[in-house]
Amino acid sequence: MPEEISVATDPTPYETTTGPGGELHQQTTADGAHLTTNQGIVIADNQNSLKAGARGPTLLEDFILREKIFHFDHERIPERVVHARGTGAHGYFEPYPAAAHYSKAALFQDPSVQTPVFVRFSTVAGGAGSVDTPRDVRGFAVKFYTSEGIWDFVGNNIPVFFIQDAIKFPDLVHAVKMEADKGYPQAASAHDTFWDWIGLMPEAMHMVMWQMSDRTLPRSFATMQGFGIHTFRLIDADGQNTFVKFHWKPKAGLQSQIWDEAVKTAGADPDFQRRDLFERIDRGDYPEWELGVQAFDEETANGFDFDVLDSTKIIPEEIVPVTPIGRMVLDRYPDNFFAETEQVAFCPGNIVPGIDFTNDPLLQGRLFSYLDTQLKRLGSTNFHQLPINASRSPVNNFQRDGHMQRNVPKGRANYEPNSLNRIGEEAGPRECPVRGYSTYVAQDVGAEQGDKLRMRPESFADHYSQARLFFRSLDKAEQAHLASALVFELSKVGVEHVRVQVLANLINVDPELAGRVADGLNMDVPPASPTAAPVRDLDLSPAVRIINGPLDEPTLEGRAVGILIADGSDGDAIEALTSKIGDAGGKPILIAPKVGGAKLKDGSLLKADAQLAGFPSVFVDSIALILSEEGASMLAKEAAAVQFVMDAFGHLKAIGATEAAQPLLDKAGVEKDEGITDLGDRFLAAAGSRRYFDREPSLRMLA
Ligand code: HDE
């Protein structure tokens, strides 16, 4: 036993002692608080391995050391082959009365009954240790623990996909991930192999338009949409089938970052979006989405000029509006990242009675892939027994054994039918034709019978019209961002013929877009690539916009305002502004050169929430400068402060400032516009407004 030389004064039940080598021991004799091995043996010393003599060799006999290191050595499991980086949260789903009309599923029946959910948001291309804010599609996967079993809704934040057939998925993923020989770039599509593949894949062009738009730079998970992408079926109590496309609409509205902002965010806080999710939940500002469906019948489906089984197509909301059928609230962060977020296993094949698949060949491939990948990742067919994956409704069957079996089934007969297990408590489960899942007997879209062939229907042939529809429907600022993103990405492509091939596709999307991109690359526009179907000018769909779209609402709710203070700042002004921001549902954050605080005008010390050097303005939605003359002239010489203001201006945010802050505004090159205000109510309105996109053309050269 080490000699006891000091006793902790803290209120914990642990005594802290120092051993002969200077190491700290936390010891206790209190019941139930003992460290043990995995076999339940209480550990006396967790700081020293067993040695032959104090300076001698470590003994193989040390079962405590061996068990601890053995477990540690195997802590990692394979990361997801795609969507490796993600974060999750618990919450609940509540249906609206409209839902029961479409589906007999239990979770849609009673508005007073909440169904627990676990949601995992992710990026697609980067590894588990990559950053939160690359330009990338976001996964939006929801596990519903319904009273009839698990329903996994495994969607993305974009309503279309790159490919029409699952057989192409491994090629797409190989092309976008880091290059096979170089091992980079991580979490970026801006490289040769991705654009090489895209240039040869006309069906990807619609998705590429969404991918290059601001959709792939969400400000927060709470400000992005989710989509089921494929057409699904809902089955009502009479067995009637409705086709649906699922939509999640964020209550906080849609918001994205500027590209330069996303890049800077990645450096300043690689965990920006998971931190944001945690903090929103922590402060009770629970992220919320409304679930809606675009519902249509077979006749409507047959009347579309595209195929509803083709996942590269949207149904414009102007043609089939979205009917809200419920809402989802995320109100609890996981207790343990690995046990919950890492081990959660989504499978689009998990559905409940009242929901069914369609013949979409992308969806059909996914039904195999996800179950298969979980076996690789989680290592056992019993992954469904992990708490995060376990059904909350009873699981009874004769599946047995396998790695890490946790259940101890009773009874002699482990097969069905059987006559050995007697009726009664241990009779064992049997089929139920009434409550059991029955597949919808489909005679509609896509004949269920036919010759065996590897063929794409002609109804999948138009690859460009909806890409054009998307680009032309966007707000002017979004169009400029999209064109500039293409220029950025293609400028990172080193092989010239790859750029040419992409440009040849872009002409089919929109000749003006192709011209802008070619100009940005300083290249000639090549001849258009051949098309399998004529490209048509469809009616535009303003519903696809973020800027000036239906979910672009001015509000301070959930938005962060960074308030920069320094020695000499006015305490009353700070108090007035923070309380007004709080009243409007916003989040004021006090930032000072030193985190311990600033000495205010009245001599008091006000603690800061963050240190200026570690808190760039990319973290907030608008900034306020409450500075004295002395504070402003001091900060005009501090690069972090100048950059703070310069970035807020460059990222098109509202800036409110005291008159005395002018030297700092001048140093940062801030020019007056509607978004530059004093600290009165005009600032609150400006901060709640969307960004000042009119400012942008004077700040950067967009394509
Ligand atoms: Fe996935 N996808 N995917 N995907 N996907 C996976 O499953 C796959 C597709 C999506 O947070 C993998 O558990 C194939 C479309 C999300 O855990 C894997 C095809 C959509 C997530 C897989 C697609 C998605 C995944 C990797 C083409 C939007 C993360 C790890 C047929 C509707 C779920 C895993 C989470 C994850 C396969 C296409 C969304 C390998 C074969 C389309 C949100 O099974």
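Here the structure is a predicted model, which means the values were calculated and not measured.

1. With respect to the packing of aromatic side chains
- Tallied over the entire structure, the rule returns 27 aromatic pairs.
- Ring geometry for F121 against F221: centres 4.8 Å apart, planes inclined by 10 degrees, an arrangement best described as stacked. Of this pair, F121 sits in strand β4 (residues 115–123) while F221 sits in the loop between α5 (205–212) and β7 (226–227), and the two are 100 residues apart along the sequence. Each of the two residues, F121 as well as F221, counts as buried.
- The interplanar angle of 20 degrees and the centroid separation of 5.7 Å between the aromatic rings of F272 and F619 together place this pair among those described as stacked. Taken as a pair, F272 in helix α7 (residues 272–282) and F619 in the loop between β17 (610–611) and β18 (622–626) lie far apart in primary sequence, 347 residues in all.
- On the accessibility criterion, F272 (5% relative accessible area) is buried.
- Grouped by ring-pair contacts, the aromatic residues F93, F108, F121, F140, F144, W151, F153, F221, F232, F246, W248 and W289 constitute a single cluster.
- Sitting over the face of the ring of F346, K143 holds its NZ or CZ atom 5.3 Å from the ring centroid.
- Above the ring of Y145, the side-chain terminus of R392 is found at 3.9 Å from the ring centroid.

2. As for the site of the ligand
- Near the ligand there are 22 residues, and of these R80, R120, R366, Y370 and Q374 occur at the shortest range.
- In this structure, Y370 approaches the ligand through a side-chain N or O atom, which is 2.6 Å from a nitrogen atom.
- Those elements that provide at least two residues to the shell around the ligand are β5 (138–146), β6 (149–156) and α10 (361–378).
- For the shell around the ligand, the class distribution of residues is eleven nonpolar, eight polar and three charged.

Criteria and cut-off values
- Residues numbered from 1 in each chain as written.
- Predicted model: local features only at pLDDT ≥ 70, side-chain atom pairs only at ≥ 80, totals over all residues.
- Heavy atoms only, no water.
- Phe/Tyr/Trp six-rings, centres within 6.5 Å; stacked < 30°, edge-to-face > 60°.
- Helix = DSSP H or I, 4+ residues; strand = E, 2+ residues; numbered from the N terminus.
- Buried < 20%, exposed > 50% of the residue type's maximum accessible area, 1.4 Å probe, protein only.
- Lys NZ or Arg CZ within 6 Å of the ring centre and 35° of its normal.
- Near = heavy atom within 4 Å.
- Polar contact = N/O pair within 3.5 Å; in protein donor to acceptor, adjacent residues only side chain to side chain.
- Nonpolar A, V, L, I, M, F, W, Y, C, P; charged D, E, K, R; others polar.

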